Amino acid sequence: MLRQIKVTELCKELEEKLVGLQYSEDSLRRYRKVFREFEEYAGDCDYSQSRGTDFLLWKFKQLGGFVTSGEHSKNEMYYFRVIRSLAEYYNFGTLFRRHDYDGEIVWPLPFKEVTEGFLQYEVEYGCSQCHYRCCRGIIKDLILFLDSSGIHHLNGVTADLMSRFTETMIGLAPVTIAERLSALRQYFKYAFRYIQMQAPEHMFQCQQVLGIPYKKTSRRQVGYLSEAETKTLLSMPDTKTRKGRRDQALLTLLYDSGARVQELADLRVGDLRLEFPAQVKLTGKGRKTRSVPLMDKTTALLKNYLLEQHLDSPSDFEHPLFYNSQGRKLTRQGIAYILKKYAVACEIEEISPHKIRHTKAMHLTEADVNPIFIRDFLGHTDLKVTEVYSKTSIKMKKAALDKMKPGKDVLPDKPIKDWTEDKSLLDWLNGLMH
């Protein structure tokens, strides 16, 4: 059982936390409204997540039943948000304001040792930051789910509970479901080894539930931008404004470096080296680093950006490179939003940061750059992965057809039986193969 605390005391603690996190007055007003109603409903009772769920059901019945759209939908989402915030604060002592929350989590004591040990094991194994966040997020959701079912220890987990928990993922993308199930399987495998003989037999049935087969569908073609479209996109930001100059530096660096969106979001000022030869250090999957050269124009834009942001001193080297308008680190979602805004302005459809990375790979391929360089440039470990990014383009196919143009000057006018002995024909055929 977790700590015992009155509903009124928990609401008061969370309200002080919100003030300390500098929530806006409008948000505080909405939170306080739900706090007061929940306190009146609970009276002098201790808090539990099931009590919060009962309150939501009671409130939505007053509103005429739960709906996902219409007159009360936005109001209902505020009630959901506040009651979930109480559950998160009660269980973990903190709030998760965004999906990319990077602060310290105080895990509930019954889960603390095994969870921290598992996450440390994943880090030592060399998992990517994205996978680490996925593991931490799904464990957090699992603990909240178990608490709502009155389970406060891994020994109380059953196959039926895990089956119900996996049902909460309905509606997510198949790839996301597969990633979450994989993270849960790894977590329980570690837990089984950790608690060893203390684990009851029924816990091992959880592995069967989490072993749901997942058929990977073929990926939709990402596509890429032409050189003209890329040039138009990179020139869209209004360089007369401070935000526009930031956006142009960000988009130009995204294209010039061929970085993954998370690599760009994680950049620090100290990762830039703007003296000749200019380069940027990127930290990719598995925390592997690589240095990527920068073009002169990109270097100039970044120099101006750093001077304008007053980020040119050694003491600023550990600061995030790009900030949003609220002065917080720009996230991968923020980068995607900025990119989409300018893509819509220049009538480019189906844009994403990954498409810009794909575009860079295609432009390098069209320029006859060595595939080995492209592999190292993109941070791939296998050349086969690079080949997916640099498939033959229409421009390359047209160039190949223009080179062929078979005629009398290409095909020797000899009997077929003599063709295999003709060196010029063999050279022509070998040229087609390459």
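Overview of the structure.

The rules we used
Residues numbered from 1 in each chain as written. Predicted model: local features only at pLDDT ≥ 70, side-chain atom pairs only at ≥ 80, totals over all residues. Heavy atoms only, no water. Helix = DSSP H or I, 4+ residues; strand = E, 2+ residues; numbered from the N terminus. Buried < 20%, exposed > 50% of the residue type's maximum accessible area, 1.4 Å probe, protein only. Contact = heavy atoms within 4.5 Å. Areas by Shrake-Rupley, 256 points an atom, 1.4 Å probe, with all protein chains shown as cover. Polar contact = N/O pair within 3.5 Å; in protein donor to acceptor, adjacent residues only side chain to side chain. Pairing = 2+ DSSP bridges. Arc of directions from axis to C-beta. Axes fitted to C-alpha atoms, helices over the stretch in contact; angles between N-to-C directions. Parallel < 35°, antiparallel > 145°, perpendicular 65-115°, else oblique. Core = buried A, V, L, I, M, F, W, Y, C linked by side-chain atoms within 4.5 Å. Phe/Tyr/Trp six-rings, centres within 6.5 Å; stacked < 30°, edge-to-face > 60°. Lys NZ or Arg CZ within 6 Å of the ring centre and 35° of its normal. Left-handed = near helix turned anticlockwise from the far one by under 90°. Nonpolar A, V, L, I, M, F, W, Y, C, P; charged D, E, K, R; others polar. Salt bridge = Lys/Arg side-chain N within 4 Å of Asp/Glu carboxyl O.

The helix and strand tally for the chain stands at 20 helices and 3 strands. The proportion of buried residues among the 434 residues of the chain is 41%. When contacts within the chain are restricted to residue pairs at least 6 apart in sequence, those whose partners lie at least 24 apart make up 63%. Of the roughly 25600 Å² that the chain leaves accessible, carbon and sulfur atoms contribute 54%.

Moving on: the side chain of R290. Following the sequence through the fold, R290 ends up in strand β3 (residues 289-293). A distance of 3.0 Å separates the side chain of R290 from the side chain of E263, its partner in a polar contact. A distance of 3.4 Å separates a polar atom in the side chain of R290 from the backbone oxygen of L378.

As a further point, take unusual backbone geometry. Looking along the chain, the bond that leaves F276 and enters P277 is cis, with omega of -5 degrees. Relative to the helices and strands, P277 is located in the loop between β1 (272-273) and β2 (279-283). Although it is not a glycine, E347 sits at a positive phi angle of roughly 60 degrees. Inspection of the secondary structure puts E347 in the loop between α14 (332-345) and α15 (353-366). Assessed through its relative accessible area of 72%, E347 is described here as exposed. Positioned with a positive phi, D368 is a non-glycine residue whose angle comes to about 60 degrees. Here D368 is to be found in the loop between α15 and α16 (371-378).

Turning next to the pairing of β3. Taking every second residue as pointing to the same face, the buried face of β3 carries R290 and V292, while none of T289, S291 and P293 on the other face is buried. The turn linking β2 back onto β3 is made up of 5 residues, and G286 within it adopts a positive phi angle of 70 degrees.

Before going further, it helps to examine helix α10 (residues 227-234). What α10 keeps buried is the set T230, L233 and L234. Projected onto a plane normal to the axis of α10, the buried residues spread over an arc of 90 degrees and lie on a single side. Within α10, the exposed residues directed more than 90 degrees away from the buried face are A228 and K231. Tucked inside the fold, the buried residues of α10 contact α11 (242-257), α14 and α15.

Quick look at the packing of helix α2 (residues 25-42) against helix α3 (residues 49-62) now. A pair of packed helices is captured by two measures, namely the crossing angle of their axes and the spacing between those axes. Following both chains from N to C, one finds α2 and α3 inclined at 105 degrees, their axes separated by 11 Å at the closest point. As judged from the angle between their axes, α2 and α3 are roughly perpendicular. For the pair α2 and α3, contact is made by V34, E37, F38, Y41 and A42 and by R51, G52, D54, F55, W58 and K59, respectively.

What follows covers the nonpolar core. Taken as a class, soluble globular proteins show a tendency for nonpolar side chains to be buried jointly. Among the nonpolar cores identified, the biggest contains 55 residues, and F38, Y47, L86 and Y187 are the most heavily contacted of them. Contributing elements (two or more residues each) for this core: α1 (7-20), α2, α3, α4 (73-92), α5 (109-125), α6 (129-148), α7 (159-167) and α8 (174-195). Take this core: its biggest share by element is 9 residues, from α6. Membership of the second largest hydrophobic core comes to 44 residues, among which are Y255, Y305, L330 and I351.

Okay, the environment of R36 next. By the secondary structure assignment, R36 is in helix α2. In this structure, the C-alpha to C-alpha distance between R36 and C11, residues 25 residues apart in sequence, is 8.5 Å.

Aromatic rings considered in pairs are described by the distance between their centres and by the relative angle of their planes. Per the stated rule, a full pass over the model turns up 16 aromatic pairs. Ring centres 5.1 Å apart and planes at 35 degrees place the aromatic pair Y41 and W58 in the tilted group. Separated by 17 residues along the polypeptide, Y41 in helix α2 and W58 in helix α3 bring together distant segments of the chain. Look at Y47 and Y90: their rings are 4.8 Å apart centre to centre, the planes differ by 65 degrees, and that puts the pair in the edge-to-face class. In this pair, Y47 sits in the loop between α2 and α3 while Y90 sits in helix α4, placing the two residues 43 residues apart along the sequence. Taken together, the aromatic side chains of F38, Y41, Y47, F55, W58, Y79 and Y90 make up a single cluster linked through ring pairs. For K360, the ring lying beneath its charged end belongs to Y255, and the centroid distance is 4.6 Å.

Turning next to the sheet that holds β2. Read from one edge to the other, the open sheet built from 3 strands follows the order β1-β2-β3, with strand pairing classed as antiparallel. If you trace the sheet from one side to the other, it starts and ends with β1 and β3, each paired once. Both β2 and β3 contribute to a ladder of 5 bridges, which runs antiparallel. Looking at the pairing, V280 lines up with V292 of β3.

All right, on to the packing of α5 against α6 then. The contact between α5 and α6 brings their axes to 10 Å, and the two run at 165 degrees. Taken together, the axis directions place α5 and α6 in an arrangement best described as roughly antiparallel. Where α5 crosses over α6, the two elements pack in a sense that is right-handed. Contacts between α5 and α6 pair F111, T115, F118, L119, E122 and V123 from the former with H131, Y132, C135, R136, I139, I143 and L146 from the latter. In the contact of α5 with α6, the residues fall into 9 nonpolar, 2 polar and 2 charged.

With a relative accessible area of 37%, W58 lands in the partly exposed category. Each C-alpha atom, one on W58 and one on Y41, is 9.2 Å from the other, the two residues being 17 residues apart in sequence.

This paragraph deals with the pattern of salt bridges. Inspection of every chain in the model, using the stated rule, returns 24 salt bridges. Put simply, K33 and E37 hold a salt bridge, and the shortest N to O gap is 2.8 Å. Of this pair, K33 and E37 both sit in helix α2, 4 residues apart, which is roughly one turn of the helix. According to the relative accessible area criterion, K33 is partly exposed, its value standing at 44%. Where E88 meets R84, a salt bridge forms, and the shortest distance between an N and an O atom there is 3.4 Å.

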